[in-house]
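Single-letter residue listing:
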Amino acid sequence: MAFDEKIFQSVITEFEATTEMLREVAANFRQDLKLGLANPDNSSLRMLKSYVGLPSGKETGEYLALDFGGTNVRVSRIKLNGNGDFEILKRVGEPLIVEGEYDYIGKNSTAEQMFDFLAKLIDESIDGDHETKFYLGHTFSFPSTQDDLNNARLIIWTKEFATPGVEGEVVNDLLTAALKRRGINNVEPVAVINDTVAVLLSAAYKNSETYIGSIYATGHNTCYLEPSIHDPKCFGQGGMILNLESGGFMKLTPNRFDMEFDRKSEKPGEQRNEKMVSGRYMGELLSMAVAELLDEKGKEYGFTSIDMSMMILDETPQLEKATEIIANRTGKTLEVGDVEKIKQLTSAIVIRSARLVTCSFVGIIWQRAGEGAIEKQHIAIDGSVYEKMPLVKENIAKALSELLGEDAAKVDTVLDNGGSGLGAAIAAAMAV
Ligand code: BGC
């Protein structure tokens, strides 16, 4: 049975993002930035202060970097040599959830278990040395309010994390208590930053002319350097970096799949932009769309972003790999014409994602330029979707040129791999 062409068209057009739509989303993003700078309550962007500006590039010394923001937690010991140079002396990492063994992110876990797990990893990273003094930078990649560089209070879990007892708490207090429980009194947390801020610090340490940092992975978010904010408690130069929590941006038009997924998600109504673009959710959207094509609405197939990437990369005439992935997920072996249609749908979801992400960048570029000329600049991005998902990089470039015209030549995106760890070490160096 081949898919009904009319139904297929009605599904795939839901994921279209025309230049006109992008222009509107980017303009709305800029408008929300303006409103948010005056008063964050009037914007769907949280505009969270980081109390850090850009590094000088001269930061040196050895620091611990805790990178906590996805299912994998990493702790590194990093030596900064200045001039953008650094060495990773040690790195340990483990997942917060191993199915059938343990789960520190689900509803039935506790804050103590979660932070004890972090303390255990920190202990490994210092080889059990409870004497030498270590300063720790903490990349904590969830929306948090700060009133200085070392205190971050979690507003709300995202990325389907659900551990009770952490929302509303100061995360480094929970961490310090866990370190104490483990007998570690020589590790002092001195800075907490969002992963977007970490990526920006890391990229700017190596390369000036970088003012925007973004994560495009399981979750999605962007930060930028706001030149007009000066605060005596802020470290670094050029103003203050604001974590926009752009995954929570609301002024875009969700399609019927976005709305339906939002309703059944862990936090309905929250993170609407993130649910349309990030790696955690693209597979869910594809599952819902495929269920409609297969006339099995409501069925969950569990497509992942890795499945999506492999299907897009399948260029064989018979689409064997894509056929196999679809069969594994849906239990149905489809004829090649239908597999081709699912492949097109997969590409459409990815392309929409890349185009919407670009709107945030352009909104920021416009806002920073004000009435003046757009500066020559790099946008630093880290994350598996940016790094590995086919179609993403070229569609960001294409959308940049649709929106910026000739000025697009002044802007490029660069991968800042591992910036979450390095940025935490840089923030610690800036703080001490
Ligand atoms: C979080 C952000 C984070 C992003 C990328 C989002 O879910 O709210 O704080 O920067 O994921 O990790």
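Residues numbered from 1 in each chain as written. Predicted model: local features only at pLDDT ≥ 70, side-chain atom pairs only at ≥ 80, totals over all residues. Heavy atoms only, no water.

Draft legend 1. Broad picture of helix α6 (residues 256–264). Among the residues of α6, Phe257, Asp258, Phe261 and Asp262 are the ones counted as buried. On an axial view of α6, the arc spanned by its buried residues comes to 135°, and they lie on one face. Looking at the packing, one finds that the buried side of α6 touches α1 (5–12), α7 (272–277), α8 (279–293) and α11 (336–369). The N-cap residue of α6 is asparagine 255: its side-chain oxygen and the backbone nitrogen of phenylalanine 257 are 2.8 Å apart. (Buried < 20%, exposed > 50% of the residue type's maximum accessible area, 1.4 Å probe, protein only. Helix = DSSP H or I, 4+ residues; strand = E, 2+ residues; numbered from the N terminus. Arc of directions from axis to C-beta. Contact = heavy atoms within 4.5 Å. Polar contact = N/O pair within 3.5 Å; in protein donor to acceptor, adjacent residues only side chain to side chain.)

Draft legend 2. Representation of the side chain of threonine 196 in the model. Its place among the elements puts threonine 196 in helix α5 (residues 195–206). The class for threonine 196 is buried, based on a relative accessible area of 0%. A polar contact is formed between the side chain of threonine 196 and the side chain of asparagine 194, at a distance of 2.6 Å. If we skip the residues at most four places from it in the chain, threonine 196 touches Gly213, Ser214, Ile215, Asn221, Thr222, Cys223 and Asn243.

Draft legend 3. Focus on the sheet that holds strand β13 (residues 240–243). The sheet built from six strands is open, its strands ordered β1-β13-β12-β11-β14-β15 with mixed pairing. Of all the strands in the sheet, just β1 (48–49) and β15 (411–415) have a single pairing partner and so form its edges. Bridge count between strand β12 (residues 220–226) and β13: four bridges; the pairing is antiparallel. If you follow cysteine 223 over to β13, its bridge partner there is asparagine 243. Together, β11 (210–216), β14 (377–382) and β15 form the strand contacts of helix α13 (residues 392–404), whose direction differs from that of β15 by roughly 160°. (Pairing = 2+ DSSP bridges. Axes fitted to C-alpha atoms, helices over the stretch in contact; angles between N-to-C directions.)

Draft legend 4. Representation of the environment of leucine 66. With respect to the helices and strands, leucine 66 occurs in strand β2 (residues 60–68). Classification of leucine 66 as buried rests on a relative accessible area of 0%. Sequence separation between leucine 66 and leucine 391 is 325 residues; the distance between their C-alpha atoms is 31 Å. For leucine 66, the residues in contact, after removing those within four places along its chain, are Val73, Arg74, Val75, Leu118, Ile122, Leu136, Gly137, His138, Thr139, Leu175 and Ala424.

Draft legend 5. Layout of the site of the ligand. Every one of the 15 residues lining the ligand counts as a neighbour, but Thr158, Lys159, Asp195, Glu245 and Glu274 are closest to it. Take glutamate 245: an N or O atom from its side chain is 2.5 Å from an oxygen atom of the ligand. Within the side chain of glutamate 274, one N or O atom sits 2.7 Å away from an oxygen atom of the ligand. A total of 310 Å² of accessible area belongs to the ligand in isolation, and the protein chains cover 98% of it. Using a 2 Å cut-off from the grid points, one finds that the ligand occupies the largest pocket. Elements supplying a minimum of two residues to the shell around the ligand: α5 and β12. Taken together, the residues that form the shell around the ligand break down as three nonpolar, eight polar and four charged. (Near = heavy atom within 4 Å. Areas by Shrake-Rupley, 256 points an atom, 1.4 Å probe, with all protein chains shown as cover. 1 Å grid on protein atoms, 1.4 Å probe; cavity = no way out; pocket = protein on both sides within 12 Å on 5 of 7 lines; lining within 4 Å. Sits in = over half its atoms within 2 Å of the grid points. Nonpolar A, V, L, I, M, F, W, Y, C, P; charged D, E, K, R; others polar.)

Draft legend 6. Fine view of the layout of surface pockets. Each pocket or cavity is described by its volume, and for the largest pocket that value is around 1,200 Å³. Elements that contribute at least two residues to the lining of the largest pocket include exactly β3 (72–82), β12, α8, α9 (305–313), α12 (384–388) and α14 (419–431). Here the lining of the largest pocket takes four residues from α12, the largest share from any one element. Taken together, the residues of the lining of the largest pocket sort by class into nine nonpolar, 22 polar and twelve charged. (Points joined across faces, edges and corners; volume = space filled by probe spheres on them.)

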